[in-house]
Amino acid sequence: MKKAAAKPAERGIRPPDKSTASAFASSWNNVRPGSVYTEVQFLDWMSPLRPQDLKDASVIELGYGNGSLLVHSAACAPSRLVGVELGDTQQVARANLAGSRIEPELVRGDLCEVDAGRFDVAYCIGVLHHLKEPERGFAALLRHTRPGGRFHAWVYGREGNGLVIALVDPLRKIASKLPWWFTKYLIAAPAVLPYFLWARLSEDAAARWPGLRRSLSRLPLYDYTRWIAVREFWFFHHVAFDQLVTPQTRYFSEAEVRQFLMDPEIDPASIYVVPRNGNSWKFGGRKRSEVSA
Ligand SMILES: C[S@@+](CC[C@H](N)C(=O)[O-])C[C@H]1O[C@@H](n2cnc3c(N)ncnc32)[C@H](O)[C@@H]1O
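Not measured: the values here are computed from a predicted model.

1. A closer look at the nonpolar core
Here's step 1: Ranked by size, the top nonpolar core spans 62 residues in total, and within it Leu62 and Ala153 carry the most contacts.
Here's step 2: Looking at this core, the element that brings in the most residues is strand 4 (residues 119-125), giving 6 residues.
Here's step 3: The two domains that each donate at least three residues to this core are domain 1 (18-158 + 251-286) and domain 2 (162-245).
Here's step 4: Dropping the residues within four chain positions of it, Leu62 is found in contact with Val84, Leu111, Ala122, Cys124, Val127, Ala140, Leu141 and His144.

Here is the structure:
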């Protein structure tokens, strides 16, 4: 009898995203307890999916970090909730999810390899742009969607991120090779402080003098700055550290995002590509009920 092909882990091959996942674990295991996102942020990330789309549905998140989005998904009362994560963050995620309406099943593994079943809703937020093989990540998102079910993703955009690509990305290439605590406290914290002050001061000034908003809106990262300005310094610091600690980041153009959606398994009438904060893309749709031959 022929033996089943061994999985990469059994063959001793490192998953290609292992170093990315360990870098993120240093972020998730050293951030304050609870979801790092507000409910408003969750709803914004998930839309056009709405809480009622998750209610009584089977739902999976690919790349759940410390469970920050799972906390909010659980509050939508799905019938089943599963998370897949390669990094060593299960303990902190379990603590964050304690007391949720539904206990999520947490699977440790490479989302490109894992097969956790087929779900009514499959989502993947902030992960595909960190994968060595984003196409395999997207294929995994579709694989986890049942025929007729919905999938949803969010990635960094190439459009609107010129400043980040010119300034932050070169710094990331160096900072991601340093000890995590050095990057977090000695690079990310001082680097993000001026941006925090700018975000807060420019929003306060625009609230006081509304005529200023037109000029501010011409500046790079304007929508993103408005979005993050409502948050505390620790959140700015967390985001800056996430940006700098990861060894792998890609910025997707709208055309590249649309390329993902050309898959014949997707119902073309269902697809959407929505710009978010002027520098990222939300996209998704429905898997066809039946794939035509
Ligand atoms: C930026 S975080 C986003 C986490 C979460 N989705 C959120 O929005 O808070 C990216 C996560 O993807 C995980 N990840 C990266 N590559 C992965 C892979 N191949 N399989 C599973 N998880 C992976 C990382 O460990 C990290 O926790």
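2. Looking at the packing of helix 8 (residues 180-208) against helix 10 (residues 222-229)
Here's step 1: At a minimum axis distance of 9 Å, the contact between helix 8 and helix 10 shows a crossing angle of 90°. Comparing the axis directions of helix 8 and helix 10 gives the class roughly perpendicular. Counted together, Ala199, Arg200, Ser202 and Glu203 of helix 8 and Thr225, Arg226, Ile228 and Ala229 of helix 10 form the full contact between these two elements.
Here's step 2: Taken together, the residues that form the contact of helix 8 with helix 10 break down as 3 nonpolar, 2 polar and 3 charged.

3. Quick notes on the sheet that holds strand 2 (residues 80-85)
Here's step 1: Pairing is mixed in the open sheet, where 7 strands are placed in the order 3-2-1-4-5-7-6. On the outer flanks of this sheet lie strand 3 (105-108) and strand 6 (272-276), each paired with one strand and no other. With strand direction ignored, the average angle separating the axes of adjacent strands in the sheet is 15°.
Here's step 2: Pairing analysis gives 4 bridges linking strand 2 to strand 3, with the strands arranged parallel. Paired with Glu85 across the two strands is Arg108, which belongs to strand 3.

4. Structural notes on the pairing of strand 1 (residues 58-62)
Here's step 1: With 4 of 5 residues buried, strand 1 lies mostly within the body of the structure.
Here's step 2: With helix 4 (residues 68-75) bridging strand 1 and the parallel strand 2, this β-α-β connection has right-handed handedness.

Reading the values: rules and limits
Residues numbered from 1 in each chain as written. Predicted model: local features only at pLDDT ≥ 70, side-chain atom pairs only at ≥ 80, totals over all residues. Core = buried A, V, L, I, M, F, W, Y, C linked by C-beta atoms within 7 Å. Buried ≥ 20, exposed ≤ 12 C-beta atoms within 10 Å, placed from the backbone. Helix = DSSP H or I, 4+ residues; strand = E, 2+ residues; numbered from the N terminus. Domains from an automatic or database assignment. Contact = placed C-beta atoms within 7 Å. Axes fitted to C-alpha atoms, helices over the stretch in contact; angles between N-to-C directions. Parallel < 35°, antiparallel > 145°, perpendicular 65-115°, else oblique. Nonpolar A, V, L, I, M, F, W, Y, C, P; charged D, E, K, R; others polar. Pairing = 2+ DSSP bridges. Right-handed = clockwise from strand over helix to strand, strands pointing away.

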